[in-house]
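# Results of the structural survey
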Amino acid sequence: MLKKLAANHLNRSTYFCLGALALLLLPWIVGASGGNYWVRVVDFALLYIILALGLNVVVGFAGLLDLGYIAFYALGAYSYALLASPHLPQHFETIAAALPQGMHFSPWMVAIFSMILAALFGILLGLPTLQLRGDYLAIVTLGFGEIIRIFMNNLDRPLNLTNGPKGITAIDPIQLFGISFAKPLDLGFVQIPGLYLVFYLFLILAIAVMIVCLHLQNSRIGRAWVAIREDEIAAKAMGINTRNMKLLAFAIGASFAGVAGVFFSAFQGFVSPESFTLWESIVVLAMVVLGGIGHIPGVILGAIVLAVFPEVLRGVAEPVQNALFGHVIVDVEVIRQLIYGLALILVMLYRPGGIWQKGGGK
Amino acid sequence: MAARLLLDVADVSKRFGGVQALDSVGLQVPHGSIVGLIGPNGAGKTTFFNVITGLYPADSGIFLFDGNAYFPESVSQVTQSGMARTFQNIRLFGEMTVLENVMVGCHCRSKAGLLGAIFRFPSTKREELAIQEKSLALLAYVGLSDYAQLQARNLSYGHQRRLEIARALATEPKLLALDEPAAGMNATEKLELRELLLRIRADGKTILLIEHDVSLVMGICDSLTVLDYGKVIAAGKPADVRVHPEVIKAYLGQGAV
């Protein structure tokens, strides 16, 4: 018995080490086989994991359908874009005078700031919608998401705050302990490209978010969320303050998106309102639903699949059409949306709990 | 009556549009007793439950719980103050396991906050363990230990009702308000329920019971209140109530005497 237990334990730690090693090597493998383009894809997939895990707190745990989730990502992205780019000093003399070296806030500081800001906006969105559920809540949150985007799009007049549809450029890259993630890190025996560094950073963030989500799920708070999702009146009858718990879910979900947004804009070096359309909200929701709503491993899988899949399609669809017909008949973007729709319908029909649902799909 | 009253409400009225669902209803529940609330369908029994537990706002009424005046506005506050209820149309958390359902019931008697949940301080871990132990003990108490890891939706009807009672007990109530706990149960299950209710009372809890099963009600209740068309038509000891002419006319029927 004991031996068996020990062997089991050994097995688990071996798997853990192998998994960790695979993750460490992943950017090198991807980079060697597909080039930097694919490393970028993987980096973005990690950001999407953070987003999907955050939305899962709201939609999966607490059962509050949020169609404007990307707005919190936008808040984080624009916070960093404004606080770490030449945009504000260029357009506001007082700021330029106050900061002769320019606006260069650290992404870490802005991340904490954005986390709080997004959480506050989450509560702001939650407060008027406490009585709403399902479709009605979805409509209000959808409106909220669009309002934020439209603000970003139009706040270039009368004061140029966001530079409107043109977006903000020349945003500072990520820095950690004086190491810039925009250029390779020379360790003497090996040079780690910036994209790989970003991968490691995003990986740590995603794992941290995952652990927080796992801990929340198996806690008094996580249980209260699921209880509200399952039956709000019964949850109240258990003495749960449903109002506070719902606001907490909105705030936590939003804060993850806020942090992800900061690193998104630092990684891209450029933000514009078109990154934060309703379509993006729907993509993140599709990750949650398709992967396994309320089930953390499923949500992660969903995020990876839906973040990588369009890129695979981009690489395949055009050459295939060219080879078959001599020219491109259906635009890649159209094919992508078609397949998204089809995949969602199929999952809803045959695996309503998602691809990887709790308990392996009973 | 020397017995101290745990629940003492008077003059409770509730109107839904043109229907006077409750018309100055009064009810008294002494400490440590089982009080039955009976009456024909639509008499206002469940409405009365919903009003005293804060689910529906009362139009008027005087409410005293454990010697303190309260006005039931928030279901969660009423539960926190020590009154737990079950529902006529079972309201379990279907996707959660049986054990988790009871653990949710411990919510208002535990206090782990956001930081505790995220960082799992030693105190949080201790509390979580205590919640689990308490919930397992409650499952054993109602006889559902074997089903702890089953999804609540997969329980049989009678077991679902028992789970609702265990979940309500987890909130550590002084008063347990049960809305038709025997509905849909077979004869054996009813007998077991009766045992359970008597055990709960013996353990110092007070029970307010809505029930249609006359023999169950007559057998275990210390006193009865009968509602009809939102009005109290009789109240007192079961033996007195069952021969009350109005009760016979409205509810029991001639054959029951």
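Look above for the structure.
A short tour of the structure in this document, coming up. (Residues numbered from 1 in each chain as written. Chains lettered and ligands numbered in written order. Predicted model: local features only at pLDDT ≥ 70, side-chain atom pairs only at ≥ 80, totals over all residues.)

### Side note on the overall build of chain B
Scanning chain B from N- to C-terminus turns up ten helices and ten strands. For a compact globule of 257 residues, the expected C-alpha radius of gyration is about 18 Å, and chain B comes in at 19 Å, within 12% of that figure. Of all 257 residues assigned to chain B, the portion counted as buried reaches 45%. Considering only residue pairs separated by 6 or more positions, chain B has 66% of its internal contacts joining residues 24 or more positions apart. (Helix = DSSP H or I, 4+ residues; strand = E, 2+ residues; numbered from the N terminus. Rg over C-alpha atoms; globule rule 2.2 N^0.38 Å. Buried ≥ 20, exposed ≤ 12 C-beta atoms within 10 Å, placed from the backbone. Contact = placed C-beta atoms within 7 Å.)

### Remarks on the overall build of chain A
A tally of helices and strands in chain A yields 14 helices and four strands. Relative to the 2.2 N^0.38 estimate, which gives 21 Å for 362 residues, the radius of gyration of chain A is 22 Å and therefore close to what a compact globule would have. Expressed as lengths along the three principal axes of its C-alpha atoms, the size of chain A is roughly 65 × 55 × 50 Å. Here chain A, with 362 residues, has 43% of them falling under the buried criterion. The long-range share in chain A, meaning contacts at least 24 apart out of those at least 6 apart in sequence, stands at 73%.

### Examining the environment of L99 of chain B
If you trace the backbone, L99 of chain B turns up in helix α3 (residues 98-105). In contact with L99 of chain B, not counting residues within four places along its chain, are S135, L136, L139, A148 and Q149 of chain B.

### Considering helix α5 (residues 122-142) of chain B
All names here are of chain B. The first and last C-alpha atoms of α5 sit 31 Å apart over 21 residues, in line with the 30 Å expected at 1.5 Å per residue. Taken residue by residue, α5 has T124, E128, I131, S135, L138, L139 and V142 as its buried positions. One side of α5 carries all its buried residues, which in axial view fall inside an arc of 100°. Exposed residues lying more than 90 degrees from the buried face of α5 are P122, S123, K125, R126, L129 and E133. Buried-residue contacts for α5 involve α3, α4 (114-119), α6 (157-170) and α7 (187-202). Looking at the residues trailing α5, positive phi occurs at G143, about 80°. (Expected span 1.5 Å × (residues − 1). Arc of directions from axis to C-beta.)

### Concerning the sheet that holds strand β3 (residues 34-38) of chain B
Sheet strands pair via backbone hydrogen bonds, and the direction of the pair is either parallel or antiparallel. All names here are of chain B. In space, the six strands of this open sheet follow the order β6-β7-β8-β3-β9-β10, with mixed pairing throughout. Looking at which strands have only one partner, the edges of the open sheet turn out to be β6 (83-85) and β10 (231-236). For this sheet, the mean angle separating the axes of adjacent strands, direction not counted, is 15°. Relative to strand β7 (residues 175-179), β6 is paired through three bridges, and the arrangement is parallel. Bridge assignment links A84 to a residue of β7, and that residue is L176. Relative to the sheet, α7 contacts β3, β7 and β8 (206-210), its axis offset from that of β8 by approximately 150°. Of the strands in this sheet, β3, β9 (223-228) and β10 touch helix α10 (residues 245-252), which is tilted by about 120° from β10. (Pairing = 2+ DSSP bridges. Axes fitted to C-alpha atoms, helices over the stretch in contact; angles between N-to-C directions.)

### A look at the sheet that holds strand β2 (residues 19-30) of chain B
Residue and element names in this part refer to chain B. Pairing within the open sheet is antiparallel, and its four strands lie in the order β2-β1-β4-β5. Lying at the two open borders of the sheet, with one neighbouring strand each, are β2 and β5 (68-69). Here eight bridges tie strand β1 (residues 5-16) to β2, and the two strands are oriented antiparallel to one another. Considered in β2, the bridge of L7 is made with V29.

### What about the pairing of β1 of chain B?
Residue and element names in this part refer to chain B. Joining the antiparallel neighbours β1 and β2 is a turn of two residues, in which G17 adopts a positive phi near 55°. With five bridges joining them, β1 and strand β4 (residues 60-65) adopt antiparallel strand pairing. Each bridged residue has a counterpart across the sheet, and for V9 the counterpart in β4 is F63.

### Focus on the interface of chain A and chain B
Contact residues are listed per partner, giving 22 residues for chain A and 25 residues for chain B. For the side of chain A that touches chain B, the elements supplying multiple residues, two or more each, are α8 (194-217), α9 (220-230), α10 (232-237) and α11 (242-268) of chain A. Per element, the largest residue contribution to the side of chain A that touches chain B is seven residues, and it comes from α9 of chain A. When its residues are assigned to classes, the side of chain A that touches chain B shows twelve nonpolar, five polar and five charged. (Nonpolar A, V, L, I, M, F, W, Y, C, P; charged D, E, K, R; others polar.)

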